[in-house]
Amino acid sequence: MTDVSGASSDVLHTLFHSDQGGHEQVVLCQDRASGLKAVIALHSTALGPALGGTRFYPYATEGEAVADALNLARGMSYKNAMAGLDHGGGKAVIIGDPEVIKTEELLLAYGRFVASLGGRYVTACDVGTYVADMDVVARTCRWTTGRSPQHGGAGDSSVLTAFGVYQGMRASAQHLWGDPSLRDRTVGVAGVGKVGRHLVEHLLAEGAQVVITDVRQEAVWRIADEHPSVGVVADTERLIRIEGLDIYAPCALGGALDDDSVPVLTAAVVCGAANNQLAHPGVEKDLADRGILYAPDYVVNAGGVIQVADELHGFDFGRCKAKAAGIYDTTLAIFARAKADGIPPAAAADRIAEHRMHEAARARKG
């Protein structure tokens, strides 16, 4: 059953009635001349203007696109809160295959829709969108980050995203093994695109043993050509079953940790760049029950949003990298809170983020 918005009734139930909802605003955007169909979701502006990227993806249905936008926007609220940013959470998705329908006209139309929100939402890159795309969007929307240095931006945010994940891995190693070094640890990276390939370089530089997989063979070939010591497996199913795997790093799309993958996962730590890695509530407890340490995704992958947020105030890479390095201490603090409260790390991170958002909302009310 579908209502006139094109969003399925279960999506609307999520938005208005479930704990996963509570969003302030959802905007459905259409420009028939360019073929644009997009969803902009603002989860919270308690801490400031909502900040989050634009995902360009060929969703099977419009309802699926709306649901993804809701989930991603909510995740951005928690990510920005834990990163210590004065920004709320938002996300946009453009429906369609970017290899087929992405045009300058479409991106300009999208920029006009973002601009119509008057600064309540600040956009950036995500899956399917790149720095060059943000340069185009910025022509019709001044609330655009992730632009090229030539156009006053910070450039590719995947560099600091990978750096932050690396810091999260070091914190996980310190908590679990008493030493932050990743030397001689075996790390499996699923997805070696914009972020994953930078993460591989950090790991190799420290002396880790790295095994990779990606659905795009060309991405695997590029890493294998540049780093012959890197192992390659055919798919994620094989990667998560590798004997002796110390750390599993999901760096592709969300939902990597589910009822099928968690029972067979051999790694002692999960720490990766992908958003929304937990397929459903309860997976974090399944990980804890198996003794697997989970570094919450929205905490460790915050390096990119730290970078694009800084772009709004005059970008300084050194300042951003120093702030992203703080992901190490934040991750350790979450593990300590989880141990003290007797809860999984994901729940501990949620509590800390929710407290910051609650305090900010209360302060705004007076």
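Relevant structure appears above.
Residues numbered from 1 in each chain as written. Predicted model: local features only at pLDDT ≥ 70, side-chain atom pairs only at ≥ 80, totals over all residues. Heavy atoms only, no water.

Novice: Account for unusual backbone geometry, naming residues and giving values.
Specialist: Phi at aspartate 184 is positive, roughly 70°, even though this residue is not glycine. On the secondary structure map, aspartate 184 appears in the loop between helix H6 (158-177) and strand S7 (186-190). Aspartate 184 gets classed as exposed once you look at its relative accessible area, which sits at 56%. Non-glycine residue asparagine 276 carries a positive phi angle of around 50°. Inspection of the secondary structure puts asparagine 276 in the loop between strand S11 (269-270) and helix H10 (283-289). The partly exposed category is assigned to asparagine 276, whose relative accessible area is 29%. (Helix = DSSP H or I, 4+ residues; strand = E, 2+ residues; numbered from the N terminus. Buried < 20%, exposed > 50% of the residue type's maximum accessible area, 1.4 Å probe, protein only.)

Novice: Would you mind going over helix H2 (residues 62-82) in detail, with residue names and values included?
Specialist: With 21 residues, H2 should cover 30 Å at 1.5 Å per step; its first-to-last C-alpha distance of 30 Å lies within 8% of that length. Most of H2 sits inside the fold, with 17 of its 21 residues counted as buried. (Expected span 1.5 Å × (residues − 1).)

Novice: Go over the packing of aromatic side chains with me, naming the residues and quoting the values.
Specialist: The relative placement of two aromatic rings is captured by the distance of their centres and the angle of their planes. Throughout the structure, instances matching the rule amount to three aromatic pairs. Between tyrosine 57 and tyrosine 59, the ring centres sit 5.1 Å apart and the planes meet at 70°, which makes this aromatic pair edge-to-face. Here the aromatic rings of phenylalanine 315 and phenylalanine 317 are separated by 6.4 Å at their centres, their planes lie at 70°, and the arrangement is edge-to-face. Classification of phenylalanine 315 by relative accessible area gives partly exposed; the value is 29%. (Phe/Tyr/Trp six-rings, centres within 6.5 Å; stacked < 30°, edge-to-face > 60°.)

Novice: Account for the pairing of strand S8 (residues 209-213), with residues named and values stated.
Specialist: Of all five residues in S8, four are buried; the element is thus mostly enclosed. Here S7 pairs with S8 via five bridges, running parallel. Directly across from valine 189, in S8, lies its bridge partner isoleucine 212. After leaving S7, the chain enters helix H7 (residues 196-206) and then returns to the sheet as S8, a path that is right-handed. As paired strands, S8 and strand S9 (residues 231-232) are joined by two bridges and run parallel to one another. Counted as the bridge partner of valine 211 is glycine 231 from S9. Taken together, S8, helix H8 (residues 217-226) and S9 constitute a β-α-β crossover, and its handedness is right-handed. (Pairing = 2+ DSSP bridges. Right-handed = clockwise from strand over helix to strand, strands pointing away.)

Novice: Lay out the pattern of salt bridges with the relevant residues and their values.
Specialist: Scanning all chains against the criterion turns up 18 salt bridges. With a closest N to O distance of 3.1 Å, glutamate 104 and arginine 139 form a salt bridge. Of this pair, glutamate 104 sits in helix H4 (residues 104-115) while arginine 139 sits in the loop between helix H5 (131-137) and H6, and the two are 35 residues apart along the sequence. Accessibility expressed as a relative area gives 45% for glutamate 104, which makes it partly exposed. What makes arginine 139 exposed here is its relative accessible area of 51%. Two residues, arginine 238 and aspartate 235, come together in a salt bridge whose shortest N-O distance is 2.6 Å. One network of salt bridges, with partners in common, ties together Arg55, Asp68, Lys91 and Asp126. (Salt bridge = Lys/Arg side-chain N within 4 Å of Asp/Glu carboxyl O.)

Novice: How would you sum up the environment of asparagine 275? Please name residues and give values.
Specialist: With respect to the secondary-structure elements, asparagine 275 resides in the loop between S11 and H10. Of the residues examined, asparagine 275 reaches a relative accessible area of 16% and is grouped as buried. Note: C-alpha distance between asparagine 275 and asparagine 71 (204 residues apart in sequence) is 9.5 Å. Not counting residues up to four positions away in its chain, the partners in contact with asparagine 275 are Arg55, Leu72, Lys79, Lys91, Asp126, Leu253, Gly254, Gly255, Asp297 and Asn301. Side-chain polar atoms of asparagine 275 contact the side chain of lysine 79, separated by 3.2 Å. (Contact = heavy atoms within 4.5 Å. Polar contact = N/O pair within 3.5 Å; in protein donor to acceptor, adjacent residues only side chain to side chain.)

Novice: Pulling in residues and values, what's your account of the sheet that holds strand S10 (residues 247-250)?
Specialist: Read across the open sheet, the six strands follow the order S9-S8-S7-S10-S11-S12; overall the sheet is parallel. Of all strands in the sheet, those bounded by a partner on one side alone are S9 and strand S12 (293-294). Helix-sheet contacts for H7 involve S7, S8 and S10, and the interaxial angle to S7 is about 170°. (Axes fitted to C-alpha atoms, helices over the stretch in contact; angles between N-to-C directions.)

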